Amino acid sequence: RRGSERIVRYAFDLARRCGRKKVTVVHKANIMKTTSGLFLKVAREVAGRYPDVAMNEMIVDNCCMQLVMNPQQFDVIVTTNLFGDIISDLCAGLVGGLGLAPGANIGTEAAIFEAVHGSAPDIAGKGIANPCALLLGAAQMLDHLELTAEANRLRAAIRDTIGAKDRSTPDLGGNGNTASFADAIVARL
């Protein structure tokens, strides 16, 4: 209960802080009645304390389909670790792969920002890793530190570099390498 309340409260606070209008609570309470059911029950209780933020509920199966077919309907998604892992990989695939997916682990006293794909040992030392996920994680860190203008500048430089296909890494269809791609992003900062 305590963990569910903490994560759901964080989602609603995040929505409020970022000017988002809706939190989607993703669950499987129809089958996992005890664990996912408790998560959903707590989410409903917490949502009552945020009248300015709408809440909707979605079963994880449908959520995955909706993310593919109609992703613009989502603002903030809150779910449990298992479903979050699955959904984050699905979303990474929708935007171009794990090389574009940042991750944040935010606790009450510390926060860690990273690329969700981890260390990618299969391409270690080849100089072809896409630096965007790590840099987008840095942008999340800047947001967390309330350095929003700096975070937005970094995101814009990344977006512009990808759009220009300027020295991008092979996973994005380019023939650049990690260093050349990072240099192109830095040049746009």
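Refer to the structure presented above.
Small disclaimer: the values here were computed from a predicted structure and weren't measured.

Draft legend 1. Structural view of the environment of Glu146. As for its position among the elements, Glu146 is in the loop between helix H5 (132-144) and helix H6 (148-164). Along the sequence, Glu146 and Arg20 sit 126 residues apart, while their C-alpha atoms lie 17 Å from each other.

Draft legend 2. Just the side chain of Lys28, in detail. The residue Lys28 is located in the loop between strand E1 (22-27) and helix H2 (35-47) in this model. Here the side chain of Lys28 touches Asp61 through a polar contact of 2.8 Å, side chain to side chain. Beyond its immediate sequence surroundings of up to four residues, Lys28 is in contact with Ser36, Ile59, Val60, Asp61 and Phe83.

Draft legend 3. Inspection of the pattern of salt bridges at higher detail. Per the counting criterion, the structure on display carries ten salt bridges. Two residues, Glu5 and Arg9, come together in a salt bridge whose shortest N-O distance is 3.8 Å. With Glu5 and Arg9 both in helix H1 (residues 2-17) and four residues apart, the pair spans about one turn of that helix. For Glu5, a relative accessible area of 23% puts it in the partly exposed group. In this structure Arg9 comes out as partly exposed when scored by relative accessible area, which is 31%. Of the charged contacts, one joins Asp166 and Arg167 as a salt bridge, the two residues approaching to 3.1 Å between their closest N and O atoms. Members of the salt-bridge network, linked through shared partners, are Glu5, Arg9 and Arg49.

Draft legend 4. Just the nonpolar core, in detail. Counting residues in hydrophobic clusters, the biggest one holds 17 residues, and the most contacted among them are Val8, Phe12, Val23, Val25, Val46, Val53 and Val78. Of all elements in the fold, only H1, E1, H2 and strand E3 (76-78) reach the threshold of two or more residues within this core. In terms of residue count, H2 provides more of this core than any other element does, six residues in total. Residues within four places of Val78 in sequence aside, it is in contact with Ile7, Val8, Ala11, Val23, Thr24, Val25, Val26 and Phe39.

Draft legend 5. Quick peek at the pairing of strand E5 (residues 111-115). Pairing geometry for strand E4 (residues 102-106) and E5, over five bridges, is antiparallel. In the sheet register, Ala104 faces E5, and the bridge partner there is Phe113. The loop that links E4 with its antiparallel partner E5 comprises four residues.

Draft legend 6. Summary view of unusual backbone geometry. Phi angles above zero are rare outside glycine, and Lys165 is one such case at about 55°. Looking at the element boundaries, Lys165 is found in the loop between H6 and helix H7 (178-188). Residue Arg167 is not a glycine yet carries a positive backbone phi of 60°. Turning to its location among the elements, Arg167 is positioned in the loop between H6 and H7. Taking relative accessible area as the criterion, Arg167 reaches 36% and is therefore assigned partly exposed.

So, how was this worked out
- Residues numbered from 1 in each chain as written.
- Predicted model: local features only at pLDDT ≥ 70, side-chain atom pairs only at ≥ 80, totals over all residues.
- Heavy atoms only, no water.
- Helix = DSSP H or I, 4+ residues; strand = E, 2+ residues; numbered from the N terminus.
- Polar contact = N/O pair within 3.5 Å; in protein donor to acceptor, adjacent residues only side chain to side chain.
- Contact = heavy atoms within 4.5 Å.
- Salt bridge = Lys/Arg side-chain N within 4 Å of Asp/Glu carboxyl O.
- Buried < 20%, exposed > 50% of the residue type's maximum accessible area, 1.4 Å probe, protein only.
- Core = buried A, V, L, I, M, F, W, Y, C linked by side-chain atoms within 4.5 Å.
- Pairing = 2+ DSSP bridges.

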